Amino acid sequence: MDAQVANHCSIKSAAKLSSPQNNAAKCGMENAPKKKSRTRRGRRGKRRRGKKANEPPPFLPPEAEEGNIEYKLKLVNPTQYRFEHLATQLKWRLQEGRGEAVYQIGVEDNGLLVGLTEEDMKASLKTLRRMAEKVGADITLLREREVDCDRARRKIAEVLVRKVPDDQQFLDLRVAVLGNVDSGKSTLLGVLTQGELDNGRGRARLNLFRHLHEIQTGRTSSISFEILGFNSKGEVVNYSDSRTAEEICESSSKMITFIDLAGHYKYLKTTIFGLTSYCPDFAMLVVGANTGIAGTTREHLGLAMALKVPIFIVVSKVDLCGKSTVEKTVRQLERVLKQPGCNKVPMVVSNPDDAVTAAQQFAQSSSVTPIFTLSSVSGENLDLLKVFFNILPPLSNSKEQEELMQQLTEFQVDEIYSVPDVGTVVGGTLYSGVCREGDRLVVGPTDDGRFLRLKVCSIHRNRSGCRVLRAGQAATLALGNFDRSLLRKGMVMVSPKMNPTICWQFEAAIVLLFHAKTFRRGFQVTVHVGNVRQTATVECLLGKEELRTGERAVVSFRFLKHPEYLRVGAKLLFREGVTKGIGHVTHLLPSTQNHVPDQNRNQNHS
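What you are looking at is a predicted structure, and each value in this text was computed from that prediction instead of being measured.

## Some words on the overall build of the chain
For step 1, the next point in the chain: Each helix and strand in the chain was counted, giving 14 helices and 30 strands.
For step 2, the next point in the chain: Counting the 606 residues in the chain, one finds 51% classified as buried.
For step 3, the next point in the chain: For the chain, the share of sequence-separated contacts (at least 6 apart) that also reach a separation of at least 24 residues comes to 71%.
For step 4, the next point in the chain: As presented, the chain carries roughly 29000 Å² of accessible surface, and 49% of it is formed by carbon and sulfur atoms.

## Some words on the confidence of the model for the chain
For step 1, the next point in the chain: Scored by pLDDT, the chain has a mean of 84; 83% of the residues are at 70 or more.
For step 2, the next point in the chain: When the criterion is pLDDT under 50, residues 1-54 qualifies, and its contacts beyond four places in sequence or with other chains add up to 36 contacts.
For step 3, the next point in the chain: A low-confidence stretch, residues 593-606 (pLDDT under 50), is modelled with 16 contacts involving residues beyond four sequence positions or located in other chains.

## Re the nonpolar core
For step 1, the next point in the chain: With 38 residues, the main nonpolar core has Phe258, Met284, Phe312, Leu385 and Phe389 as its most contacted residues.
For step 2, the next point in the chain: At six residues, the largest contribution of residues to this core is made by helix α12 (residues 382-391).
For step 3, the next point in the chain: Residue contacts for Phe389: discarding those within four places in its chain leaves Val175, Leu192, Leu228, Phe230, Lys254, Ile256, Phe258, Met284 and Phe312.
For step 4, the next point in the chain: Judged by nonpolar contacts, the second largest core, of 33 residues, contains Ala176, Ile223, Leu285 and Ile313.

## A closer look at helix α13 (residues 398-406)
For step 1, the next point in the chain: All buried positions along α13 are accounted for by Ser398, Gln401 and Met405. The arc that holds every buried residue of α13, seen down its axis, measures 60 degrees, which confines them to one face. Exposed positions of α13 whose direction lies more than 90 degrees from the buried face are Lys399 and Gln406.
For step 2, the next point in the chain: Where α13 is buried, its residues contact α3 (80-96), β15 (434-436) and β20 (468-470).

## Quick look at the sheet that holds strand β10 (residues 311-316)
For step 1, the next point in the chain: Spatial ordering of the open sheet is given by β7-β6-β8-β5-β9-β10-β12-β11, a layout of eight strands whose pairing is mixed. With partners counted over all chains shown, the strands left at the sheet margins are β7 (236-237) and β11 (345-349), one partner each.
For step 2, the next point in the chain: Alignment of strand β5 (residues 171-179) against strand β9 (residues 282-288), held across five bridges, turns out to be parallel. Bridge pairing links Val177 to Met284 in β9.
For step 3, the next point in the chain: Seen against the sheet, helix α5 (residues 185-194) touches β5, β6 (224-230), β8 (254-260), β9 and β10 and runs at an angle of roughly 155 degrees to β8.

## Thoughts on the packing of α3 against helix α4 (residues 118-134)
For step 1, the next point in the chain: At a closest axis distance of 9 Å, the pairing of α3 and α4 adopts a crossing angle of 65 degrees. Of the two elements, α3 crosses α4, and the hand of that crossing is right-handed. Every residue of α4 that contacts α3 at Phe83, Glu84, Leu86, Ala87 and Leu90 is listed here: Thr127, Arg130, Met131, Ala132 and Lys134.
For step 2, the next point in the chain: A per-class count over the contact of α3 with α4 returns six nonpolar, one polar and three charged.

## What about the pairing of β8?
For step 1, the next point in the chain: Burial runs high along β8: seven of the seven residues are buried.
For step 2, the next point in the chain: Going residue by residue along β8, you find Lys254, Ile256, Phe258 and Asp260 tucked away on one face and Met255, Thr257 and Ile259 tucked away on the opposite face as well.
For step 3, the next point in the chain: Bridge count between β5 and β8: seven bridges; the pairing is parallel. When the sheet's bridge partners are listed, Ala176 is paired in β8 with Ile259.
For step 4, the next point in the chain: Where β6 and β8 come together, seven bridges link them in antiparallel fashion. Pairing of Phe230 across the sheet is with Lys254, part of β8.

## Points about the side chain of Ser186
For step 1, the next point in the chain: Along the chain, the position of Ser186 falls in helix α5.
For step 2, the next point in the chain: Classification of Ser186 as buried rests on a relative accessible area of 6%.
For step 3, the next point in the chain: A polar side-chain atom of Ser186 sits 2.7 Å from a polar atom in the side chain of Asp260.

## Structural notes on the environment of Ser240
For step 1, the next point in the chain: Of note, Ser240 is situated in the loop between β7 and α7 (245-251).
For step 2, the next point in the chain: In this structure Ser240 comes out as partly exposed when scored by relative accessible area, which is 48%.
For step 3, the next point in the chain: When the C-alpha positions of Ser240 and Glu196 are compared, they lie 7.4 Å apart, and in sequence the two are 44 residues distant.
For step 4, the next point in the chain: At a separation of 2.5 Å, a polar atom in the side chain of Ser240 contacts the side chain of Asn238.

## Some remarks on the packing of helix α11 (residues 352-364) against α12
For step 1, the next point in the chain: Contact pair α11 / α12: the axes reach a minimum separation of 8 Å and the direction vectors enclose 35 degrees. Every pair of crossing elements has a handedness; the one defined by α11 and α12 is right-handed. The segment α11 lies against α12, with Pro352, Ala355, Val356, Ala358, Ala359, Gln360 and Phe362 engaging Leu384, Val387, Phe388 and Ile391.

## Let's talk about α3
For step 1, the next point in the chain: Counted at 1.5 Å a residue, the expected span for α3 with its 17 residues is 24 Å, and the 25 Å between its end C-alpha atoms agrees.
For step 2, the next point in the chain: Those residues of α3 not exposed but buried are Phe83, Leu86, Ala87, Leu90, Arg93, Leu94 and Glu96.
For step 3, the next point in the chain: Packing partners of the buried residues in α3 comprise β1 (69-72), β2 (100-105), α4, β3 (137-147), β4 (154-163) and α13.
For step 4, the next point in the chain: Two residues or fewer after α3 comes Arg98, characterised by a positive phi angle close to 50 degrees.

Here is what the cut-offs are and how they apply
Residues numbered from 1 in each chain as written. Predicted model: local features only at pLDDT ≥ 70, side-chain atom pairs only at ≥ 80, totals over all residues. Heavy atoms only, no water. Helix = DSSP H or I, 4+ residues; strand = E, 2+ residues; numbered from the N terminus. Buried < 20%, exposed > 50% of the residue type's maximum accessible area, 1.4 Å probe, protein only. Contact = heavy atoms within 4.5 Å. Areas by Shrake-Rupley, 256 points an atom, 1.4 Å probe, with all protein chains shown as cover. pLDDT = per-residue confidence, 0-100. Core = buried A, V, L, I, M, F, W, Y, C linked by side-chain atoms within 4.5 Å. Arc of directions from axis to C-beta. Pairing = 2+ DSSP bridges. Axes fitted to C-alpha atoms, helices over the stretch in contact; angles between N-to-C directions. Left-handed = near helix turned anticlockwise from the far one by under 90°. Nonpolar A, V, L, I, M, F, W, Y, C, P; charged D, E, K, R; others polar. Polar contact = N/O pair within 3.5 Å; in protein donor to acceptor, adjacent residues only side chain to side chain. Expected span 1.5 Å × (residues − 1).

Below, the structure is given as structure tokens:
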């Protein structure tokens, strides 16, 4: 019966999809003399086409065996054996989505939208709720859509299933916040995380600033972190109903960690460090509706694309402009995104349905770029951005996460603090492995190329205590009485079993994005590789004498001040004034070829 209904629906859908062209052809042939009639019919056809654009397509992509999306035609009164099987299947999808899964009810495995009657839909959602309760999860109905079918009123439903967190295993996504100075980045984050609208004079951003001069000028000069939580039912958890970050973490199943970066050009190196070192999952480019693309906006867009960080755009301050100005800014963004250098597909989000679609397509395709238009003062369209964050899935699946966790421990040192009664504390990201309280690691390289032993005394993640840190998570580690003067940004803490090696000189395959003259041997640039930031000299260009803008080559770089720890394949970004280039590390030259140590040189000559 379901198959017959499905065939009927799909045939009708296919017929309907082709009907506008047929109508247009008929209009052209039959009504050529009657000008008024053709115009009226043309308008009707246009209205029909506009109406059709809002309806769901007759097919979805076929269901994938891997991933966190599951299609179910119906879940009506399953037997006990069938129910156990369905619960196990849900567990697998949750594991694939690292605690999140999306169920499409009323859809066949091949992606055909069949739909269910009201009664069957209620029964199916009830079964899904029972399945979720069995595996310790909650469900949220994202949207219901009608399927075009003559026999009865049939619907499909999209449901988000989210696991209730246990032992701090909430899903954590990092979002870097980019944009020109005065575009409203910090204010937007203040509104999202504090739960109160801005007063139009920047009150919402005051809690985000770390320095007095930032409060006085209203300009971010350092990297700050803010958190926004969502519970298992998809409700926002922020400081409006939680006093501390610890309470937010305890109540949340999903956390969005915002990395607030500087917008002013003179703080560009800080912004680049934030993008390369903190490994953001996504980037949010904030553009002021009143200024459009100005200042460092293009630069920040280029940086995110060079580092292959998926980017979406928020047009802020729409309360200050008329509708025409906002549309002009959006059109300007669309033009830039469609240019050959970007090759993006802009998607303007104007309702909750768009927000759900944007979140799913954005994670599946790197070319889709959602655009939001909102106001931090009036709160216009702010809920659409929250819906987007709530549904946004992680980029890596559980299998990739497990593989990283099987490797030896490697923690990147991004920040260093001295905390009273605690001692030396380092902040950063665990690149691979698992780190526990009491683990003994080595940190380095020091200026003379050594690695020093230390012990991890305690771990804090999202400002609350944590026993275990897993690959991909950011945290702060207390090191007790370890001498802070021996540490610097760019170091790594690794397992002694790794037997880490130092690097003075390395080779990288690069693309020169821009250079005023020619790029040749002896040129000095600032190199960014992960959390490493240091001046390096171009030793040689393999197979070439010089490089011009747009050209590619394998280049040998040598660090000037001290050795670093690098990985082959790591993304590289270098700059000096207007000179910019990107690439990846291809080869680390062994220490015997590397730098000045006289012992090495003597050994080489002997």
